[in-house]
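Architecture at a glance
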Amino acid sequence: MKVYIATLPNGFFGSTGKSWKSLNVNKIAGLLEYNTEIITINDLKNIELNESDTVIYTSSDEENIRLYMRDVMYFINQKCRILPNYNMLLGHENKGFQELLRKELGFGDLKGNYFFDIDDSILPTPKVLKTVSGAGSSGVFLVKNKKDMKDIKDNHFDVSKKRRLIKLQRRIKLKRSEFYFYKYRHKGFNRFVEQEFIPNLKNDFKILVFGNRFYTLKRSIRKNDFRASGSGLFEYVTAPEEVLNFAKSIFSKLDNPYASLDIAQSANGCHLIEFQGTNFGPLALLKSSTRKVFLDNNWIEEKNDQDLEENFAYAINMFLGNSSSIHSEG
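We now turn to the structure provided with this report. (Residues numbered from 1 in each chain as written. Predicted model: local features only at pLDDT ≥ 70, side-chain atom pairs only at ≥ 80, totals over all residues. Heavy atoms only, no water.)

Mapped onto the elements of the fold, Q276 is located in strand β13 (residues 269-276). Excluding anything up to four places from it in sequence, Q276 contacts G91, H92, E93, Q98, A259 and S260. (Helix = DSSP H or I, 4+ residues; strand = E, 2+ residues; numbered from the N terminus. Contact = heavy atoms within 4.5 Å.)

Taken in spatial order, the 4 strands make up an open sheet running β2-β1-β3-β4, and their pairing is parallel. One side of each edge strand has no neighbouring strand; the edge strands of this open sheet are β2 (35-40) and β4 (81-83). The average angle at which neighbouring strand axes cross in this sheet is 25°, direction not considered. Judged from the 4 bridges that link them, strand β1 (residues 2-7) and strand β3 (residues 54-57) form a sheet pairing that is parallel. Across the sheet, Y4 pairs through a bridge with V55, a residue of β3. Set on the sheet, helix α2 (residues 63-79) makes contact with β3 and β4; between it and β3 the angle comes to about 165°. (Pairing = 2+ DSSP bridges. Axes fitted to C-alpha atoms, helices over the stretch in contact; angles between N-to-C directions.)

Looking now at the nonpolar core. Note that soluble globular proteins tend to have their nonpolar side chains buried in a common cluster. One finds I5, L32, I56, F210 and Y258 to be the most contacted residues of the largest nonpolar core, which totals 25 residues. Listed by contribution, the elements that provide at least two residues to this core are β1, α1 (25-31), β9 (203-210), β10 (213-220), α9 (283-287) and α10 (308-329). Here the element with the most residues in this core is α10; it accounts for 7 residues. Residues in contact with F210, not counting those within four places in the same chain, are Y215, P257, Y258, F280, L285, L308, N311, F312, Y314 and A315. (Core = buried A, V, L, I, M, F, W, Y, C linked by side-chain atoms within 4.5 Å. Buried < 20%, exposed > 50% of the residue type's maximum accessible area, 1.4 Å probe, protein only.)

We now examine helix α4 (residues 95-105). Three or more residues of α4 are buried, namely K95, G96, F97, Q98, E99, L101 and R102. The inward-facing, buried residues of α4 abut α3 (86-91), β5 (112-115), β6 (127-131), β7 (140-143), β8 (192-196) and β13. Where α4 begins, the side chain of N94 points an oxygen toward the backbone nitrogen of G96, at a separation of 3.1 Å. G106 sits one or two positions beyond α4 and adopts a positive phi of about 70°. (Polar contact = N/O pair within 3.5 Å; in protein donor to acceptor, adjacent residues only side chain to side chain.)

Evaluation of the coordinates by the stated rule reveals 18 aromatic pairs. Ring plane angle 80° and centroid distance 6.3 Å describe the contact between F210 and Y215, whose orientation is recorded as edge-to-face. Among the aromatic side chains, those forming a connected cluster through ring pairs are F210, Y215, Y258, F280 and F312. For the cation-ring pair, K248 lies above F294, with the distance from its terminal atom to the ring centre recorded as 4.3 Å. (Phe/Tyr/Trp six-rings, centres within 6.5 Å; stacked < 30°, edge-to-face > 60°. Lys NZ or Arg CZ within 6 Å of the ring centre and 35° of its normal.)

In the structure shown here, the tally under the stated rule is 17 salt bridges. Between R164 and D158 there is a salt bridge, and its shortest N-O distance comes to 3.4 Å. For R164, a relative accessible area of 35% gives the class partly exposed. (Salt bridge = Lys/Arg side-chain N within 4 Å of Asp/Glu carboxyl O.)

Within the open sheet, the 4 strands sit side by side as β5-β8-β6-β7. Their pairing is antiparallel. The two strands at the open ends of the sheet, each matched to only one other strand, are β5 and β7. Shown here is a sheet whose adjacent strand axes are inclined to one another by a mean of 20°, direction ignored. As paired elements, β5 and β8 share 4 bridges and run antiparallel to each other. Bridge assignment links G112 to a residue of β8, and that residue is Q195.

We now examine a nonpolar patch on the surface. On the surface, a cluster of nonpolar side chains totalling about 280 Å² of accessible area is made up of F116, Y184 and F189. In this structure, F116 sits in the loop between β5 and β6. (Patch = residues over 30% accessible without salt bridge, like charges linked within 9 Å, V, L, I, M, F, W, Y side chains within 5 Å. Areas by Shrake-Rupley, 256 points an atom, 1.4 Å probe, with all protein chains shown as cover.)

The omega torsion across L83 and P84 is 0°, close enough to zero to call that bond cis. In this fold, P84 is placed in the loop between β4 and α3. In this structure, P126 follows T125 across a cis peptide bond, with omega equal to 0°. Considering the arrangement of structural elements, one finds P126 in the loop between β5 and β6. With a phi angle near 65°, N297 is a residue other than glycine that sits in the positive phi range. Positionally, N297 belongs in the loop between β14 (290-295) and β15 (298-303). Judged by its relative accessible area of 66%, N297 is exposed.

Take the pairing of β6 next. With 5 of its 5 residues buried, β6 lies for the most part within the structure. Neither face of β6 is left uncovered, since the one carrying K127, L129 and T131 and the one carrying V128 and K130 both have all their residues buried. Two elements, β6 and β7, share 4 bridges in a ladder whose sense is antiparallel. Paired with K130 across the strands is V140, a residue of β7. With 5 bridges connecting them, β6 and β8 associate as antiparallel partners. Bridge pairing links K127 to E196 in β8.

Here it is in structure tokens:
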């Protein structure tokens, strides 16, 4: 098996938490236990890949780069294994796909719905509505009543004054059956996710998982707010074992070497809010003094060396090693 690390054309790879700083791909390549070559995403078009090969690639928070990666990696995924897996790429900056995958794989323990027409919103209030993309607390709204829904509809599902004028003209000129379809086409759409609201939360946990290593960031909720993401009120503490076990159960279903999981804990148990499998912020790993490791069916605590590249290589080695064992046994 050969491993290719595919960077962006300028050599950038991954997320260090700063848009101007790349992961050290040479260091990652040197720590991998496999024959590894560093290339760019554009080089992939000219390489003869074998089914046994693995391509490790990066996404981007820049939309056009991300959509380009989706197009290219769709075909690479037909030829060999890619890491992150293609589901993680589709879920990057796409909470709608995350919601669909959550239902498909049956994890998360939080009612949700994905729609493009606000009239297809089905969850009762109070609930949380989110735009499909957006970092931190941006694009996240608490809906308590019909007025809140109307505000979201007016601000995010409205059409321009010019379009409204054209619709009036079309109403006069078109047959009723024709206008029915025209009116819907220009109704005003946007992709949104709605989720069950968890009341009385004081914090949530961001759990970064690299193989069997778990890093925790506790995020408190600001006064007169309901969102922990983007609050800036962080503590680097070990998550309760219930949260760690919940994170481990979700991670096992993602089929990926690493992940970022946003988890809330209430009286009813744990709830997955969002997840990412590529290009997530590494703050929990870079700032925590310790990490939890699941080993021999037990949680043990280790000192955290805060080495981002080493953790990526560790997770990839573990994932590829486990995959090879499963394949050989099969």
